[in-house]
Amino acid sequence: MPFAVERIDHLVLRVRDLQASIDFYQAVLGCCVAKRRDDLGLIHLRAGASMIDLISVDGVLGRRGGGAAQADARNIDHVCLRIEPFDEAELLGHLARFGLAPHGNATLNFGAEGDGLSLYFNDPDGNTIELKGPPSR
């Protein structure tokens, strides 16, 4: 293996009412808003050492997933796995050995430890997996 999974960095939930969800995660779970991306309809909530991200189903990112969660619609946008090390060439080779192609080149994205490079690809059911490297310095 060219890497070892350390932990889940964050998960992303698609929500119908962004403010009600923020209120719930703050009041019920003690999460706090770490960063807002109102232009995307995205809220990053600190959840201990990890993050729970909320995206509004009617926001820029949320519309990509279709309608709001129901029996025939997904609610989780993707699962992010924090990996070490992050060597894009090694990762691309590893994915290719399984017939997997990433959604694009590695990009800088915000997660539990700050901004860092990540690659996205799909599992057999079409669920998106993000492999996220260490934070940029």
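Residues numbered from 1 in each chain as written. Predicted model: local features only at pLDDT ≥ 70, side-chain atom pairs only at ≥ 80, totals over all residues. Heavy atoms only, no water.

A. The pairing of strand 6 (residues 107–111), seen in detail. Looking at chain direction, strand 6 and strand 7 (residues 114–122) are connected through five bridges and run antiparallel. The residue of strand 7 that forms the bridge with Phe110 is Asp115. The loop that links strand 6 with its antiparallel partner strand 7 comprises two residues. (Pairing = 2+ DSSP bridges. Helix = DSSP H or I, 4+ residues; strand = E, 2+ residues; numbered from the N terminus.)

B. Main features of the sheet that holds strand 1 (residues 4–15). Taken together, the eight strands give an open sheet; going across it, the order is 2-3-4-1-5-8-7-6, and neighbouring strands pair in mixed fashion. Only two strands of the sheet have a single partner each, and these edge strands are strand 2 (32–37) and strand 6. Across the sheet, the mean angle separating the axes of adjacent strands is 30° when strand polarity is ignored. The pairing of strand 2 with strand 3 (residues 42–47) spans five bridges and is classified as antiparallel. Bridge assignment links Lys35 to a residue of strand 3, and that residue is His44. Seen against the sheet, helix 1 (residues 18–29) touches strand 1, strand 2, strand 3 and strand 4 (50–56) and runs at an angle of roughly 160° to strand 4. (Axes fitted to C-alpha atoms, helices over the stretch in contact; angles between N-to-C directions. Contact = heavy atoms within 4.5 Å.)

C. Molecular detail of the pattern of salt bridges. A full pass over the atoms with the stated rule returns seven salt bridges. One salt bridge in this structure joins Glu113 and Arg7, with 2.9 Å as the shortest N-O distance. Of this pair, Glu113 sits in the loop between strand 6 and strand 7 while Arg7 sits in strand 1, placing them 106 residues apart in sequence. A relative accessible area of 32% places Arg7 in the partly exposed class. We note a salt bridge from Arg36 to Asp38, for which the minimum N-O separation is 3.1 Å. The exposed category is assigned to Asp38, whose relative accessible area is 54%. Connected through shared salt-bridge partners, Glu6, Arg7, Arg82, Glu84 and Glu113 make up one network. (Salt bridge = Lys/Arg side-chain N within 4 Å of Asp/Glu carboxyl O. Buried < 20%, exposed > 50% of the residue type's maximum accessible area, 1.4 Å probe, protein only.)

D. Main features of the pairing of strand 5 (residues 76–84). With seven bridges connecting them, strand 1 and strand 5 associate as antiparallel partners. Residue pairing for strand 5: Arg7 is matched across the bridge by Arg82.

E. Just the environment of Arg14, in detail. With respect to the helices and strands, the residue Arg14 is situated in strand 1. Measuring from C-alpha to C-alpha, the distance between Arg14 and Pro85 comes to 29 Å, with 71 residues separating the pair along the chain. Here the side chain of Arg14 touches Gly62 through a polar contact of 2.8 Å, landing on its backbone oxygen. (Polar contact = N/O pair within 3.5 Å; in protein donor to acceptor, adjacent residues only side chain to side chain.)

F. View of the packing of aromatic side chains. One pass over the full model with this rule turns up one aromatic pair. Residues Phe24 and Tyr25 carry aromatic rings whose centres are separated by 5.2 Å and whose planes lie at 85° to one another, so their mutual orientation is edge-to-face. The ring of Phe110 has Lys35 lying over it, and the distance from NZ or CZ to the ring centre is 4.6 Å. (Phe/Tyr/Trp six-rings, centres within 6.5 Å; stacked < 30°, edge-to-face > 60°. Lys NZ or Arg CZ within 6 Å of the ring centre and 35° of its normal.)

G. Up close: the environment of Leu42. Relative to the assigned elements, Leu42 resides in strand 3. Residue classification places Leu42 among the buried residues on the basis of a relative accessible area of 9%. Sequence separation of Leu42 and Asp53 is eleven residues, and the distance between their C-alpha atoms is 6.9 Å. Discounting residues that sit within four places of it in the chain, Leu42 has contacts with Lys35, Arg36, Arg37, Asp53, Leu54, Ile55 and Leu61.

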